[in-house]
Amino acid sequence: MRRVPSALAAWLAAPPSAPFDASRRRALRALGGGTIALGLLHAGTGPAFAAAAPPPGTRRLVLHNTHTNETVRAAFCVDGRYCADGLARIDRVLRDHRSGDVHPIDRNLLEFLHEVAERTGREPEFEVISGYRSPASNAMLRARSGGVARRSLHMDGRAIDVRLVGYDLARLRDAALAMERGGVGYYRASRFVHLDTGRVRTWAG
């Protein structure tokens, strides 16, 4: 087994709120050409809505589930290949907190999250209000509120409601809209931004 590069080891060990300064960013970018042995297995299969050919480099996320108080810090793509272990850990934390059901999260959605954080110059650390939603949970929420879609993309693992830690919500919305990667909903009162990999559109809730 190859030795874990020190820069990635330091990133994984750091607390979620640790500053993502320029020196760490340069060191992490440099890891893109190496193979990283942290039990992060290169995966040839995964979510049905996967990106066809991930770009080279290492991409990671820090996700804190506000309902279960769980946090995952995972590299989901290493050296241009998706990582089975990282994806599985993300799927687990983004499960339906009501039913416990786990569903594969769209890799394009993870890419969306990573890229929007990169564009804002922030560490890719998000508070997650809603990830995967089972059909039963969606039906229950729809009965309570007219703002829940019958065929919500949350049920396909293609939508997420988040806050980018330490970043203004309106600016996060604007950055996501500029990317034109999918749907962007702005929920000011509830303090989250909805992102999905459906058609490009926007709304306020």
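Values in this document were obtained by computation on a predicted structure and should not be read as measured data.

Parameters and conventions
- Residues numbered from 1 in each chain as written.
- Predicted model: local features only at pLDDT ≥ 70, side-chain atom pairs only at ≥ 80, totals over all residues.
- Heavy atoms only, no water.
- Phe/Tyr/Trp six-rings, centres within 6.5 Å; stacked < 30°, edge-to-face > 60°.
- Buried < 20%, exposed > 50% of the residue type's maximum accessible area, 1.4 Å probe, protein only.
- Lys NZ or Arg CZ within 6 Å of the ring centre and 35° of its normal.
- Helix = DSSP H or I, 4+ residues; strand = E, 2+ residues; numbered from the N terminus.
- Pairing = 2+ DSSP bridges.

What about the packing of aromatic side chains?
Taken as a whole, this structure holds 2 aromatic pairs when the rule is applied. Judged by centre distance (6.4 Å) and plane angle (15°), the rings of Phe 76 and Tyr 82 are stacked. Ring geometry for Tyr 187 versus Phe 192: centroids 4.6 Å apart, planes at 20°, classification stacked. Grouping residues by exposure puts Tyr 187 and Phe 192 together as buried. A cation sits over an aromatic face here: Arg 173 above Tyr 186, 4.4 Å from the ring centre.

Section: the pairing of strand 4 (residues 125–130)
For strand 4, the tally of buried residues reaches 5 of 6 residues, placing the bulk of the element in the interior. The pairing of strand 1 (residues 59–65) with strand 4 spans 4 bridges and is parallel. Residue pairing across strands places Leu 63 opposite Phe 126, the latter belonging to strand 4. Both strand 4 and strand 5 (residues 159–164) contribute to a ladder of 4 bridges, which runs antiparallel. Paired with Glu 127 across the strands is Arg 163, a residue of strand 5.

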